[in-house]
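A closer look at the structure
Chain by chain, the residues run as shown.
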Amino acid sequence: MTGAYKATSAGWHLAIESIPLEHTVTLRVLIVDDEVSVRKVMAAVLAQVGLPCETAASGDEALRVLETNRIDAVISDLQMPGMSGMELLAKVRQIYPRMVFLVVTGVDDIRVGIEAMRQGADDYLVKPLQVDANIVLASLTRALHVKRLEQEVENYRHHLEEIVAEQTQQLREALRQIERSYDHTLEVLGAAIDLRDSPTAGHSRRVFLYSIEIAKAMGGLESQMRNIAMGAWLHDIGKLAIPDAILLKPGPLTDEERAIMQRHAQIGYDLVKGIPFLADAAEIIFAHHERCDGSGYPRGLKAGEIPAGASIFAVADTFDAMTSDRPYRRALPFQASREVIERGAGKQYDSQVAKVFLSIPGETWEVIRRETAAIQAHAFATASDIQALSTLVKSEG
Ligand SMILES: [Fe+2]
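Rules behind the numbers
Residues numbered from 1 in each chain as written. Predicted model: local features only at pLDDT ≥ 70, side-chain atom pairs only at ≥ 80, totals over all residues. Heavy atoms only, no water. Axes fitted to C-alpha atoms, helices over the stretch in contact; angles between N-to-C directions. Helix = DSSP H or I, 4+ residues; strand = E, 2+ residues; numbered from the N terminus. Parallel < 35°, antiparallel > 145°, perpendicular 65-115°, else oblique. Contact = heavy atoms within 4.5 Å. Nonpolar A, V, L, I, M, F, W, Y, C, P; charged D, E, K, R; others polar. pLDDT = per-residue confidence, 0-100. Core = buried A, V, L, I, M, F, W, Y, C linked by side-chain atoms within 4.5 Å. Buried < 20%, exposed > 50% of the residue type's maximum accessible area, 1.4 Å probe, protein only. Donors = N, O, S within 2.8 Å, 3.2 Å for Na, K, Ca; no water. Tetrahedral: all angles 85-135°; square planar, octahedral: opposite > 155°, others 65-115°. Salt bridge = Lys/Arg side-chain N within 4 Å of Asp/Glu carboxyl O. Phe/Tyr/Trp six-rings, centres within 6.5 Å; stacked < 30°, edge-to-face > 60°. Lys NZ or Arg CZ within 6 Å of the ring centre and 35° of its normal.

A few words now on the packing of helix H5 (residues 133-196) against helix H6 (residues 203-217). H6 packs onto H5 with a crossing angle of 125° between their chain directions and a minimal axis gap of 8 Å. The orientation of H5 relative to H6 falls into the category oblique. Residues Gly 190, Ile 193 and Asp 194 of H5 form the contact with H6, whose participating residues are His 203, Ser 204 and Arg 205. For the contact of H5 with H6, the per-class residue count stands at one nonpolar, three polar and two charged.

Here it is, written out as structure tokens:
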């Protein structure tokens, strides 16, 4: 958008070229001078070129006029009793940063005019002004043109900021969608693990929720919680490679079968480790059967070597195994299961994790178990069920 002054029968007007030319705004000028004769002459000069004027005899009066009138430009004397022209300039710049402000100096005070421009004046005029109205008009036109360019730059910058903000928002939404897609895929995968190992139906979901409860109570960071949740959710993904004859065998396993079964930790780790955002979860998968006293597998890690997420998972996993029915035994009561973990603290289980686990009320576990069972009762896990559960957990975290 560009602006220029057009001569019309009604005088000089500011024409805004991006809108129809007939849409013009009359330029209004405020003359500030303590000498009445100067004000009169100036008003007459500007009237010759069709510019309507307001006048003020002091800085204070000028500010009052500006409050109650639409003014586009101020032409002010510098030497005035009371508020000086420089003081008026400072106030006008503060209140009306876009106002055109010209100062008037005597022919001997050009340096003062230059100083006024350093302080924010748009131009300076030299007395006497009555000789040529066109000089005043040219100065006004130039100053208004500069103001308009400044406004355009500001509008452009503002527009750019809006575009950047909008695109940032779109990018965030796209990332959220990708993240949701990842979650969805993982959730379906976790559900598939549970379906494969039907005697422990709901196990992945329960240990996922139990692990998050313990991690929350331990003050886990959001990123850690997410890794623990993913590790817990996918901990038995390696079982997808274990033959049914072993995985679903109703009786005890032989030594050879147990060795094959125990390979699921390594297989799960190998499956997941190459996925960058699952790298930490892969470590939990690898170590989810390790025990603090070194009696676990596959590496026989000891306390301090086991990732924190795997230590949390170990307690959640044991607790769920004990409180679930198995083909060869009934589920243990919650209290009895808690006592087993209490006895194993510092031996099989990390003592700090066990302590935190024992501090969580039994009702918490019962609620998770009931809710998981309710989902199981309707159908086996569907992605949307788990999505809802996962969202619930995330919002609580
Ligand atoms: Fe396992």
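Text resumes after the structure shown.
Moving on: the confidence of the model for the chain. Looking at the chain, the pLDDT average stands at 83 and 84% of residues meet or exceed 70. Ranking the helices and strands of the chain by mean pLDDT puts helix H2 (residues 59-68) first, with 96, and strand E2 (residues 11-16) last, with 41. Under a pLDDT of 50 for its full length, residues 1-24 has, in the predicted model, 47 contacts with residues more than four places off or in other chains. A low-confidence stretch, residues 392-397 stays under pLDDT 50, and its non-local contacts, those more than four residues away or across chains, total eight contacts.

In terms of nonpolar packing, the biggest core is built from 45 residues, with Ile 214, Ile 341 and Trp 365 touching the most fellow members. Apart from the residues lying within four places of it in its own chain, the contact partners of Trp 365 are Tyr 210, Glu 213, Ile 214, Phe 319, Phe 334, Arg 338, Phe 357 and Ile 360.

A few words now on the coordination of the iron ion. The coordination sphere of the iron ion, as far as protein atoms go, consists of Asp 236 (OD), His 264 (NE2), His 288 (NE2) and His 289 (NE2), spread over 2.1 to 2.3 Å. Note that the iron ion binds four donor atoms; their angles at the metal cover 84 to 172°, and the shape is irregular. On the primary sequence, the residues serving as donors to the iron ion are separated as D-x27-H-x23-H-H. The two residues His 288 and His 289 agree in class, both being buried.

Attention now goes to the pattern of salt bridges. Applying the stated criterion to the full structure yields 21 salt bridges. Notably, a salt bridge pairs Lys 147 with Asp 122, separated by 2.9 Å at the nearest N-O pair. With Lys 147 in helix H5 and Asp 122 in the loop between helix H4 (110-118) and strand E8 (123-126), this residue pair connects regions lying 25 residues apart in the sequence. Exposure class is identical for Lys 147 and Asp 122. Each is buried. A salt bridge links Lys 216 to Glu 213, with the nearest nitrogen and oxygen atoms 3.7 Å apart. Of this pair, Lys 216 and Glu 213 are both found in helix H6, three residues apart, which corresponds to roughly one turn of the helix. Given a relative accessible area of 19%, Glu 213 falls into the buried group. Salt bridges here are not isolated pairs; linked through shared partners, they connect Arg 93, Arg 98, Asp 122, Lys 147, Glu 150 and Glu 154.

To continue, consider the packing of aromatic side chains. The relation between two aromatic rings is expressed through the spacing of the ring centres and the mutual angle of the planes. For the structure shown, the criterion picks out nine aromatic pairs. When the ring of Phe 208 is compared with that of Trp 233, the centres are 5.0 Å apart and the planes differ by 65°; the resulting orientation is edge-to-face. Pair noted here: Phe 208 is in helix H6 and Trp 233 is in helix H7 (residues 222-233), with a separation of 25 residues, a long-range link. For the pair Phe 208 and Trp 233, one class covers both residues: buried. With a centroid separation of 5.3 Å and an interplanar angle of 85°, the aromatic rings of Tyr 210 and Trp 365 are classed as edge-to-face. Placement of Tyr 210 in helix H6 and of Trp 365 in helix H15 (residues 362-378) is noted, with a sequence separation of 155 residues between them. Residue classification places Tyr 210 among the buried positions, given a relative accessible area of 1%. For Trp 365, a relative accessible area of 0% gives the class buried. One aromatic cluster in this structure is built from Tyr 210, Phe 319, Phe 334, Phe 357 and Trp 365. Positioned above the aromatic ring of Phe 286, the side-chain terminus of Arg 299 is 3.8 Å from the ring centre.

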